[in-house]
Amino acid sequence: MGLFDKLKRAFSGPEQSEDEEQKQQEEKKEKQDQQEQQETSDSETKNAVADEKKAEDLTSSENDTQKIQDETKSENDPSNEPSDIESKQVDVKASLESETKDQKAASDHKDESETDENEEKRYDEGLKKSRQGFGAKINALLANFRHVDEDFFDDLEETLIESDVGFETAVKISDELQDEVKLRNAKSKADVSDVIVEKLVDLYEKEGQEEDNSLHFAKSGPTVFLFVGVNGVGKTTTIGKLAHKYQKEGKKVLLAACDTFRAGAIEQLDEWAQRVNVDIVKKQAQSDPAAVVFDAVKKAQNDDYDVLLVDTAGRLQNKVNLMNELAKIKRVIQRELPESPQEVLLALDATTGQNALTQAKQFKDVTEVSGIVLTKLDGTARGGIVLAIRNELHLPVKLVGLGEQMDDLREFDAEKFVYGLFKDLVAQPAE
């Protein structure tokens, strides 16, 4: 099942009643099975207790002579095997243990479900502006819709470009839609809206088939993440939030302040280190960034740190110096840790739209970027930039900033992103 099919199934409402009914039946069957297991367990427990009581009554009703004989026999019998009552007690204990395991499994499943729901809700809230902005543009396009013609597709291209899906993507979508609309004979606003969203989602899914959105960690020794990006995009803030996330997970985290040229950069990272209670390696302003990262790598090795997060300068206006500096930092890291850095993460400000795409292209030329950190996604109506990054740059988005709070940095989930961006257009198509 493709992303668009999942999207329609999740949000289409009445049109998906058959799927909803099937889902409800499955849930009902699961509850019945759990109830039957519970009743069986309770029945076994009650039967065991009843048998135990019956055995006790039978023993008490025996005559004194038989008791004496049994006691004498028991005293002279070296094997002294367990009674039926003891066996029943063992059965009761085993039944209770099994019941406890079932309850624990059900509880774990519930916790996982709640966590997934919370993640979906966070994406939903974080993409609210983008969803409303994108939906408003599509609805505005369809407001004066009369029929599908050349002018309509010209307007569609312009609308998609304004939504920051990228020029190449907009042209590709427009060309493919011309054939698709004719093939489906889509004439109503709702049909055309669905075709537009389906094509966007399908293209996004197709371009991301070989994409790896996961963060990679070292098999042994410290993991090193190198952060790059121009000044002001939220790079240092992202490092602080990520340090907080890993520190909460029980990892030992170290920061390296290698942006030694921007005024206040060292102090800013130092403040984050204190706020989230992690260690930092720093030197005086104007120091050699490579010397800072060398000290940081040595400390990470000697003191058994799990994660080293390295902040770097972002002077993109001087590409040559920046390229040489990043290359030197990387060489120092690899000399001590040959398999590092595990990630080179480029921070981009989602609110800058196409400027972010331009920055990504420039940084991709300067250094080997393994993934994107998209910051301030909650503060923009330009969520289409994620589609442009995937379709034009073929770089995976690995982290997204969905709010200003400490816990609002999230590992990127393509499915939840698609739901959060397009769900209103599918659930409530324009009339």
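Anything mentioned here points back to the structure above.
Since this is a predicted model, take the numbers as computed values, not measurements.

> Describe in detail the packing of aromatic side chains, supporting the description with residues and values.
Taken as a whole and assessed by the stated rule, the structure comprises four aromatic pairs. Their ring planes at 80° and their centres at 5.8 Å tell us that phenylalanine 217 and tyrosine 246 sit as a pair that is edge-to-face. Highlighted residues: phenylalanine 217 in the loop between α8 (189-207) and β1 (223-228) and tyrosine 246 in helix α9 (residues 235-248), separated in sequence by 29 residues. Centre to centre, the rings of phenylalanine 412 and phenylalanine 417 are 5.6 Å apart; their planes meet at 50°, and the pair counts as tilted. Judged by its relative accessible area of 8%, phenylalanine 412 is buried. Among the aromatic residues, those joined into a ring-pair cluster are Phe217, Phe225 and Tyr246. Stacked on the ring of phenylalanine 217, the Lys or Arg lysine 251 has its end atom at 5.7 Å from the ring centre.

> Describe unusual backbone geometry, with residues and values.
The linkage connecting serine 340 with the following residue, proline 341, adopts the cis geometry, with an omega of -5°. Along the polypeptide, proline 341 turns up in the loop between α12 (319-336) and β5 (343-349). A positive phi angle, close to 55°, is found at aspartate 304, a residue other than glycine. You will see that histidine 394, though not glycine, has its phi angle at about 55°, which is positive. Residue position: histidine 394 is located in the loop between α14 (385-393) and β7 (397-401).

> Go over α14, please, and point to the residues and values.
Counting buried positions along α14 yields nine of nine residues, so the element is predominantly enclosed. The set of residues buried in α14 consists of Ile385, Val386, Leu387, Ala388, Ile389, Arg390, Asn391, Glu392 and Leu393. Just past α14, the residue histidine 394 takes up positive phi, approximately 55°.

> Lay out the side chain of glutamate 325 in plain terms, naming residues and giving numbers.
Among the structural elements, glutamate 325 can be located in helix α12. On the accessibility criterion, glutamate 325 (11% relative accessible area) is buried. If sequence neighbours within four positions are ignored, glutamate 325 has contacts with Cys258, Phe261, Pro289, Ala313 and Arg315.

> Tell me about a negative patch on the surface, and name the residues and values.
A surface patch of negative charge is lined by Glu150, Asp151, Asp154, Asp155, Glu158 and Glu162. Summarising the element assignment, glutamate 150 is placed in helix α6 (residues 150-162). Judged by its relative accessible area of 52%, glutamate 150 falls in the exposed class.

> I'd love a proper account of the pairing of β7, names of residues and values included.
Extensive coverage of β7 is indicated by the burial of five of its five residues. Bridge count for strand β6 (residues 371-375) against β7 is three bridges, and the pairing is parallel. By the bridge assignment for β7, leucine 374 is matched with valine 400. By the bridge criterion, three bridges tie β7 to strand β8 (residues 409-411) in an arrangement that is antiparallel. Bridge pairing in β8 links leucine 399 to glutamate 411.

> Go over the environment of isoleucine 138, please, and point to the residues and values.
With respect to the element layout, isoleucine 138 can be found in helix α5 (residues 128-143). Of the residues examined, isoleucine 138 reaches a relative accessible area of 1% and is grouped as buried. Separated by 21 residues in the primary sequence, isoleucine 138 and threonine 159 place their C-alpha atoms 7.1 Å from one another.

> Describe the sheet that holds β8, and please don't skip the residues or the numbers.
Reading across from one edge, β3-β2-β4-β1-β5-β6-β7-β8 is the order of the eight strands in this open sheet, with mixed pairing throughout. Each edge of the sheet is formed by a strand with only one pairing partner; in this case those strands are β3 (279-281) and β8. The mean inter-strand angle of the sheet, taken between neighbouring strand axes irrespective of direction, is 25°. When strand β2 (residues 253-257) meets β3, the two strands line up parallel, connected through three bridges. Bridge pairing in β3 places leucine 254 opposite aspartate 279. Packed on one face of the sheet, helix α13 (residues 354-366) meets β1 and β5 and runs near 155° to β5.

The rules behind each value
- Residues numbered from 1 in each chain as written.
- Predicted model: local features only at pLDDT ≥ 70, side-chain atom pairs only at ≥ 80, totals over all residues.
- Heavy atoms only, no water.
- Phe/Tyr/Trp six-rings, centres within 6.5 Å; stacked < 30°, edge-to-face > 60°.
- Helix = DSSP H or I, 4+ residues; strand = E, 2+ residues; numbered from the N terminus.
- Buried < 20%, exposed > 50% of the residue type's maximum accessible area, 1.4 Å probe, protein only.
- Lys NZ or Arg CZ within 6 Å of the ring centre and 35° of its normal.
- Contact = heavy atoms within 4.5 Å.
- Patch = residues over 30% accessible without salt bridge, like charges linked within 9 Å, V, L, I, M, F, W, Y side chains within 5 Å.
- Areas by Shrake-Rupley, 256 points an atom, 1.4 Å probe, with all protein chains shown as cover.
- Salt bridge = Lys/Arg side-chain N within 4 Å of Asp/Glu carboxyl O.
- Lys, Arg positive; Asp, Glu negative; His and termini not counted.
- Charge placed at Lys NZ, Arg CZ, Asp CG, Glu CD.
- Pairing = 2+ DSSP bridges.
- Axes fitted to C-alpha atoms, helices over the stretch in contact; angles between N-to-C directions.

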